[in-house]
Amino acid sequence: QVQLVESGGGLVKAGGSLRLSCAASGRTFSNYVMGWFRQAPGKEREFVARIDGSGGATSYADSVKGRFIISRDNAKNTVYLQMNSLKPEDTAVYYCATGPGWSTNSGHYDYWGQGTQVTVSS
């Protein structure tokens, strides 16, 4: 059974930083793309960042490019999202997900974590 467990969310002031972690189990971690998505109240879930199985390829939503960094440690079966220069509009529940394809579409990811709340105050 595949499980994803996020941690690291919290309350931070605008301009601050947080690092999210997502620990995976139940499948060969390095074989799969990992993605981060977020969902703000009243809005649809949106793509944030993705990383391929080796960690050699990454991509980001335009809204976070240059501020967020996705990385992974396959020895620890963990993916990270370093979030810098946070803005109030980054406030959302952040989810990690895993899937077989290189996609920004949430429907193409087959397993999801429970989410972690990130709140950025102005």
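Before any of the text, the structure's been laid out above.
Quick summary incoming for the structure in this document. (Residues numbered from 1 in each chain as written. Predicted model: local features only at pLDDT ≥ 70, side-chain atom pairs only at ≥ 80, totals over all residues. Heavy atoms only, no water.)

Focus on the overall build of the protein chain
In step 1: For the protein chain, the helix and strand inventory stands at 0 helices and 11 strands.
In step 2: Helices (α) and strands (β) of the protein chain occur, in sequence order from the N terminus, as β-β-β-β-β-β-β-β-β-β-β.
In step 3: Relative to the compact-globule value of 14 Å for 122 residues, the protein chain shows a C-alpha radius of gyration of 13 Å, a close match.
In step 4: If you line up the protein chain on its principal axes, its C-alpha atoms span 40 × 25 × 25 Å.
In step 5: For the protein chain, the proportion of its 122 residues judged to be buried stands at 44%.
In step 6: Placing the 12 positive and 9 negative side-chain charges of the protein chain at their respective mean positions leaves the two points 4 Å apart. (Helix = DSSP H or I, 4+ residues; strand = E, 2+ residues; numbered from the N terminus. Rg over C-alpha atoms; globule rule 2.2 N^0.38 Å. Buried < 20%, exposed > 50% of the residue type's maximum accessible area, 1.4 Å probe, protein only. Lys, Arg positive; Asp, Glu negative; His and termini not counted. Charge placed at Lys NZ, Arg CZ, Asp CG, Glu CD.)

Observations concerning the state of the cysteines
In step 1: This structure, assessed with the given rule, holds 1 disulfide.
In step 2: With its sulfur 1.9 Å from that of its partner, Cys22 forms a disulfide with Cys96. Around the S-S axis, the bridge from Cys22 to Cys96 shows a dihedral of about 50° and counts as right-handed. One end of the pair, Cys22, is in strand S3 (residues 18-25); the other, Cys96, is in strand S9 (residues 92-99), with 74 residues separating them in the sequence. The burial state of Cys22 is the same as that of Cys96; both residues are buried. (Disulfide = S-S within 2.5 Å.)

Things to note about the pattern of salt bridges
In step 1: Here the structure, examined in full by the defined rule, presents 5 salt bridges.
In step 2: Of the charged contacts, one joins Lys65 and Asp62 as a salt bridge, the two residues approaching to 3.1 Å between their closest N and O atoms.
In step 3: Between Asp90 and Arg67 there is a salt bridge, and its shortest N-O distance comes to 2.7 Å. On the criterion of sequence distance, the pair formed by Asp90 in the loop between strand S8 (78-83) and S9 and Arg67 in the loop between strand S6 (58-60) and strand S7 (68-73) is long-range, its members being 23 residues apart. Comparing Asp90 with Arg67, the two get one shared label, buried.
In step 4: One network of salt bridges, in which partners are shared, links Arg38, Glu46, Arg67 and Asp90. (Salt bridge = Lys/Arg side-chain N within 4 Å of Asp/Glu carboxyl O.)

Quick look at the environment of Arg67
In step 1: Overall, Arg67 belongs to the buried group, its relative accessible area being 10%.
In step 2: The spatial distance from the C-alpha of Arg67 to the C-alpha of Arg45 is 19 Å, given a sequence separation of 22 residues.
In step 3: From its side chain, Arg67 meets the backbone oxygen of Ser85 in a polar contact 2.9 Å long.
In step 4: Only 2.7 Å separates the side chain of Arg67 from the side chain of Asp90, close enough to count as a polar contact. (Polar contact = N/O pair within 3.5 Å; in protein donor to acceptor, adjacent residues only side chain to side chain.)

Any link to function would need more than the numbers given here.
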